[in-house]
Each structure stands twice: as structure tokens, then as C-alpha cells.
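The lines below spell out each chain.
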Amino acid sequence: MKQRFQDYLIKQGYSITTSAGNPSTVYDYAKRIDKVCEWENVTWAGLAQNISAIVAKYDVGGSKEDLGRKSHSAVINALKRFSEFLAMQ
């Protein structure tokens, strides 16, 4: 599922690498989803089954909003892109 999510992000125009050749948004968002899975103690599939509740938890007003805002809101943005990816499946 992780690879399909990364492929989806690439098709959506997200960057694979920076101009300096370092990993960029595609890699970062996948890493953020890995981290949320760790925090929630679920697999990617488990996260997918509960994505609406998880997004709400990490979004503005949610119980884990502070984690969602980490790194310029990269965590919540990754979750929202993952939710969009799932909706396309």
C-alpha cells in the first residue's frame, strides 16, 4: 500500500527529490504515515480502515492536533493526501 500511495503522489505531481537530490515530499509523506501508524499502533491497512477518525484526531480541534501540526503541518497534510488516495481506490 505504501508504494501505491507513493505512486499516487507522484502522479499528483508531488516531488520525489529536491533540487539538491535529497528525498522530497513523496518520501516525506510516506514517512509521516509510517509515524502515524506507529503512534496509533496500526498497520497501513488498519489506518486505512479508520482514516476519517484519524484525520479528525490530527486535524484542527482534534485530540492530537499538536502532532498534526508538526513540521509545518506535514503530518495532517500527509493524512489528508492518504485519505484522498484511499477515496480513489
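Scroll up a little and you will see the structure.
This text gives an overview of the structure that appears in the document. None of these values were measured; they are calculated from a predicted model.

Conventions we followed
Residues numbered from 1 in each chain as written. Predicted model: local features only at pLDDT ≥ 70, side-chain atom pairs only at ≥ 80, totals over all residues. Heavy atoms only, no water. Core = buried A, V, L, I, M, F, W, Y, C linked by side-chain atoms within 4.5 Å. Buried < 20%, exposed > 50% of the residue type's maximum accessible area, 1.4 Å probe, protein only. Helix = DSSP H or I, 4+ residues; strand = E, 2+ residues; numbered from the N terminus. Contact = heavy atoms within 4.5 Å. Salt bridge = Lys/Arg side-chain N within 4 Å of Asp/Glu carboxyl O. Phe/Tyr/Trp six-rings, centres within 6.5 Å; stacked < 30°, edge-to-face > 60°.

**Looking at the nonpolar core**
Consideration 1: Judged by nonpolar contacts, the single largest core of 24 residues is most densely connected at Phe5, Ile33, Leu47, Tyr58, Leu79 and Phe82.
Consideration 2: Every element with two or more residues in this core is listed here: helix H1 (2-11), helix H2 (25-40), helix H3 (44-49), helix H4 (51-58) and helix H6 (70-88).
Consideration 3: Of all the elements, H6 adds the most residues to this core, at seven residues.
Consideration 4: Apart from the residues lying within four places of it in its own chain, the contact partners of Tyr58 are Val36, Trp39, Glu40, Lys64, Glu65, Leu67, Gly68, Val75, Ile76 and Leu79.

**Focus on the environment of Asn22**
Consideration 1: Relative to the assigned elements, Asn22 resides in the loop between H1 and H2.
Consideration 2: Counting along the chain gives 26 residues from Asn22 to Ala48, while the straight-line C-alpha distance between them is 28 Å.
Consideration 3: For Asn22, the residues in contact, after removing those within four places along its chain, are Ile16 and Thr17.

**Section: the pattern of salt bridges**
A side chain with one charge can pair with a side chain of the opposite charge if their charged atoms come near.
Consideration 1: As enumerated under the stated definition, the model contains eight salt bridges in all.
Consideration 2: Residue Lys35 pairs with Glu38 through a salt bridge whose shortest N-O separation is 3.4 Å. Remark: Glu38 and Lys35 occur in helix H2; sequence separation between them is three residues, near one turn of the helix.
Consideration 3: Overall, the relative accessible area of 35% leaves Lys35 in the partly exposed class.
Consideration 4: Accessibility expressed as a relative area gives 54% for Glu38, which makes it exposed.
Consideration 5: Lys64 serves as the salt-bridge partner of Glu40, at 3.0 Å between the closest nitrogen and oxygen. Taken together, the positions of Glu40 in helix H2 and Lys64 in the loop between H4 and helix H5 (65-68) put the pair 24 residues apart, joining distant regions of the chain.
Consideration 6: On the basis of relative accessibility, which here comes to 16%, the residue Glu40 falls in the buried class.

**A look at the packing of aromatic side chains**
Consideration 1: In the structure shown here, the tally under the stated rule is eight aromatic pairs.
Consideration 2: Ring plane angle 50 degrees and centroid distance 5.9 Å describe the contact between Tyr14 and Tyr29, whose orientation is recorded as tilted. Here Tyr14 is found in the loop between H1 and H2, whereas its partner Tyr29 is found in helix H2, with 15 residues between them in sequence.
Consideration 3: Measuring from centroid to centroid gives 5.9 Å for Phe82 and Phe85, while their planes differ by 25 degrees, and the two rings are stacked. One end of the pair, Phe82, and the other, Phe85, are both in helix H6, three residues apart, so they sit about a helical turn from each other.
Consideration 4: For Phe82, a relative accessible area of 0% corresponds to the buried category.

By themselves, these observations are geometric and do not establish any function.
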